[in-house]
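Analysis of the macromolecular model
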Amino acid sequence: MRYLVRAKLKPGKKQALLNAIDTQTLGQGSIAGDEYFRNMQDARLCPDQTARWVEVCYCPAPLQEEKPYWEEYFHLAKIQDAHDRRKCRDENGSESWACGDCHCTERLENKLKSASQPFLAILRDQTQD
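As the structure is a prediction and not an experimental result, all values here were calculated from the model.

Here we take up the packing of aromatic side chains. When we look at a pair of aromatic rings, we describe it by the centre distance and by the angle of the planes. The tally for this structure, following the rule as stated, stands at 6 aromatic pairs. Ring geometry for Y36 against W70: centres 5.1 Å apart, planes inclined by 55°, an arrangement best described as tilted. Taken as a pair, Y36 in helix α2 (residues 35–42) and W70 in helix α3 (residues 67–71) lie far apart in primary sequence, 34 residues in all. Here the two residues Y36 and W70 agree in accessibility, since each one is buried. Centroid distance W53 to W70: 4.8 Å. Interplanar angle 50°. Geometry classified as tilted. Separated by 17 residues along the polypeptide, W53 in strand β3 (residues 51–56) and W70 in helix α3 bring together distant segments of the chain. Owing to a relative accessible area of 0%, W53 belongs among the buried residues under this scheme. Members of the aromatic cluster, each reached through a chain of ring pairs, are Y36, W53, Y69, W70, F74 and F119.

What follows is the structure in structure tokens.
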């Protein structure tokens, strides 16, 4: 399934998050692997100061495995289905592991890109000031 994640960076965690990304230790030990890096690359900073991204997750509960890794740096404000769950090929059993190569959230992801700024670029700019 794909989820729209809204998260607010915890105070004092900017540099720690950047270090974890740069040293490729973000999510270390998680079965989600490089998904954390893709999420941060795609994350957008919205006017309400939440970072938003679409995350692929195969857990029985949304981000069940990933939450502890994200909660080290973020307050997870909201996690919601990124598209109609009934149409998810992995979720409805028509194609296992379909979410990895699916384009079902392409419209949502393009909307995020056009309406907000890249979270990671802004974070890097803020730490250089």
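And the narrative resumes.
What follows covers the side chain of T50. Following the sequence through the fold, T50 ends up in the loop between β2 (44–45) and β3. A distance of 2.6 Å separates a polar atom in the side chain of T50 from a polar atom in the side chain of D48. Polar contacts involving the side chain of T50 include one to the side chain of R52, which spans 3.1 Å. Dropping the residues within four chain positions of it, T50 is found in contact with A7, R44 and L45.

It is worth spelling out the environment of G27 at this point. When you line up the elements, G27 lands in the loop between α1 (14–22) and α2. For G27, a relative accessible area of 9% gives the class buried. Once the C-alpha coordinates of G27 and C59 are considered, the two residues, 32 residues apart in sequence, prove to be 16 Å apart. Aside from chain neighbours lying at most four places away, what touches G27 is Y36 and Y69.

What counts and what doesn't
One numbering rule holds for all chains: residues counted from 1, following each sequence as written. Reporting in this predicted model follows two pLDDT cut-offs: at least 70 for local features of residues, and 80 or more for side-chain atom pairs to be given and counted; totals over whole chains, interfaces and linings ignore these cut-offs and use all residues. Excluded from the side-chain calculations are hydrogens and water; all other atoms, namely the structure's heavy atoms, are used. The pairing test for Phe, Tyr and Trp rings, Trp by its six-membered ring, is centres within 6.5 Å, and the orientation test on the planes gives stacked under 30 degrees, edge-to-face over 60, and tilted for anything in between. Secondary structure counts use DSSP, requiring at least four H or I residues in a row for a helix and at least two E residues in a row for a strand, with both numbered from the N terminus. The buried label applies to any residue whose accessible area, calculated with a 1.4 Å probe on protein chains only, is under 20% of its type's maximum; exposed applies above 50%, and partly exposed to all values in between. What qualifies as a polar contact is a pair of N or O atoms within 3.5 Å, subject to a donor-acceptor requirement within protein and to the restriction that residues adjacent in sequence count only when both atoms come from side chains. Only heavy atoms matter for contacts: two residues are in contact if any of them lie within 4.5 Å across the pair.

All quantities given are derived from atomic positions and should not be read as evidence of function.
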